[in-house]
Amino acid sequence: MKQNKWFLLIVASVVGSLLLGACSISVELLSTPTASATAVASIPATDTPVPVASSVPATPTLTPTFIPIQSDTAQMLKNFMSVTEDEDVRSVAFSPDGTVLAAAGGNANDFNVHVWDVATGQLVGVLNGHTDIVWGLAFSPDGKLLASISRDHKAIIRDWRNGDILKILDFPGEVTSVSFSPDGQTLAVGGVNKPSEQGHTAAIWTYSVSTWELSVKFLEYINITAMAYSPNGDILIGGGTSRNIQVWSVSDGASLFTLSHTHQVLKAVISPDGSTLATGTCTKVVNSVCADGGIWLWDLPTGKLIKKLNGFPDFVENLAFSADSSLLIAGSRDGTLHVYETSNYGSIFETKSPDGINAMSLSSDDKVLAIGTYNGDIHFWRIEPRP
């Protein structure tokens, strides 16, 4: 497939029976001061480019009925389908309706975003535009837009169904985290801030989706490897490489808490009920290598540390809560995957991916788990009842 040409492959509409950082940076730093937020619009948005797209929209197959991943079904998780990307898979994201999975990454050549039909495993779209590693992907809540962010200092927002590029946002450094607000009205992009402002070398820029004007800029340090909105959109959390996670009020940009860790944070997710923040980190480093990965659990309303989950052989780089907040799924770089019940945070399922876990996404209905590996494979998992 040619890198500079958009194409779509039409997939037959058949209901099939068949149907992770953020960037990986290891930096040891001293604790840093609390970040602040400003409302300066210092990063211009590139004028909307001429779209490069096929005239035929992608038509993903309807997803078959699967069993949700729950406490009483988790032990029946099976890898039922795999597809292969050209290079490292660094980000995966399900569309809100679960019919497609967007995946991207790259290492030396392929920096395209690939769109896969979840029901059939067929490639339905290839989206070009980036010239370096793609660190993150995010669908808008209505499923119409797909945002991708890259080491090439750009965020590209497009209509993924026909490939039209709607907006390109330029940044002073690489951008490594991206998320739409729950109401879909705001896009947040986190990454390196050059030149630094008041000593801050990282930032989260938030844009109005209707105008693409910069609204609030949240300042942090080093880089933004973890970022998330609360379910009601009132709180934005971000940070990671500084070993801190900042908790901000979206309405006024005020800093509510600084959650400090002993090592950097590569992933952070907020439970759908808004009660808990889970951060993926390392708890022990030996000779500059993580010897024990862990998950830190925080009470979001108060900023208090609830519990630490250890026992991963490497950094915990991927996390996902189930839609009802009853389960927490965690994956580490070495390929260890755990499913925890949040009632007591006991592990109810454990397995190992031999190719590591570099990216992970859980569909919004909890029926399909996608895992991206370091060798370019994407593994799809579902519940398969025993005979």
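Residues numbered from 1 in each chain as written. Predicted model: local features only at pLDDT ≥ 70, side-chain atom pairs only at ≥ 80, totals over all residues. Heavy atoms only, no water.

A.B. asks: Just give me the short version of the overall build of the protein, but keep the residues and values in it.
C.D. replies: Across its full length, the protein holds zero helices and 30 strands. Buried residues in the protein amount to 60% of all 387 residues. When the accessible area of the protein is evaluated, it comes to approximately 14600 Å², of which 51% is carbon and sulfur surface. (Helix = DSSP H or I, 4+ residues; strand = E, 2+ residues; numbered from the N terminus. Buried < 20%, exposed > 50% of the residue type's maximum accessible area, 1.4 Å probe, protein only. Areas by Shrake-Rupley, 256 points an atom, 1.4 Å probe, with all protein chains shown as cover.)

A.B. asks: Lay out the state of the cysteines with the relevant residues and their values.
C.D. replies: Overall, the coordinates contain one disulfide when judged by the stated rule. Each disulfide pairs two cysteine sulfurs, and for C282 the partner residue is C290, the sulfurs being separated by 2.2 Å. With the S-S bond torsion at 105 degrees, the cross-link from C282 to C290 turns out right-handed. Exposure remark for C290: the relative accessible area of 8% places this residue in the buried category. (Disulfide = S-S within 2.5 Å.)

A.B. asks: Explain the nonpolar core to me, using residue names and the numbers behind them.
C.D. replies: Among the nonpolar cores identified, the biggest contains 23 residues, and L169, F171, L187 and V189 are the most heavily contacted of them. Of all the secondary-structure elements, those providing two or more residues to this core are strand 8 (134–139), strand 9 (145–150), strand 10 (154–159), strand 12 (175–180), strand 13 (186–197), strand 14 (200–208) and strand 15 (214–220). (Core = buried A, V, L, I, M, F, W, Y, C linked by side-chain atoms within 4.5 Å.)

A.B. asks: Give a detailed account of unusual backbone geometry, specifying residues and quantitative values.
C.D. replies: Cis peptide bonds are those with omega within 30 degrees of zero, and the linkage from K194 to P195 qualifies with -10 degrees. Phi is positive for Q198, close to 55 degrees, though the residue is something other than glycine. With respect to the element layout, Q198 can be found in the loop between strand 13 and strand 14. Relative accessible area serves as the criterion here: at 65%, Q198 is assigned to the exposed category. Even without being glycine, D366 reaches a positive phi, approximately 65 degrees. Relative accessible area serves as the criterion here: at 7%, D366 is assigned to the buried category.

A.B. asks: I'd love a proper account of the packing of aromatic side chains, names of residues and values included.
C.D. replies: Enumeration according to the criterion identifies seven aromatic pairs in this entry. Ring geometry for F171 versus Y207: centroids 6.1 Å apart, planes at 85 degrees, classification edge-to-face. With F171 in the loop between strand 11 (164–170) and strand 12 and Y207 in strand 14, this pair connects stretches of sequence that are 36 residues apart. For F171, a relative accessible area of 7% corresponds to the buried category. Note on Y207: relative accessible area 1%, which makes it buried. Through pairs of rings, three or more aromatic residues link up here, namely F66, F80 and F380. One cation-aromatic arrangement involves K308 over W296; the distance from NZ or CZ to the ring centre is 4.0 Å. When the ring centre of F80 is taken as reference, the NZ or CZ atom of R382 above it lies at 4.7 Å. (Phe/Tyr/Trp six-rings, centres within 6.5 Å; stacked < 30°, edge-to-face > 60°. Lys NZ or Arg CZ within 6 Å of the ring centre and 35° of its normal.)

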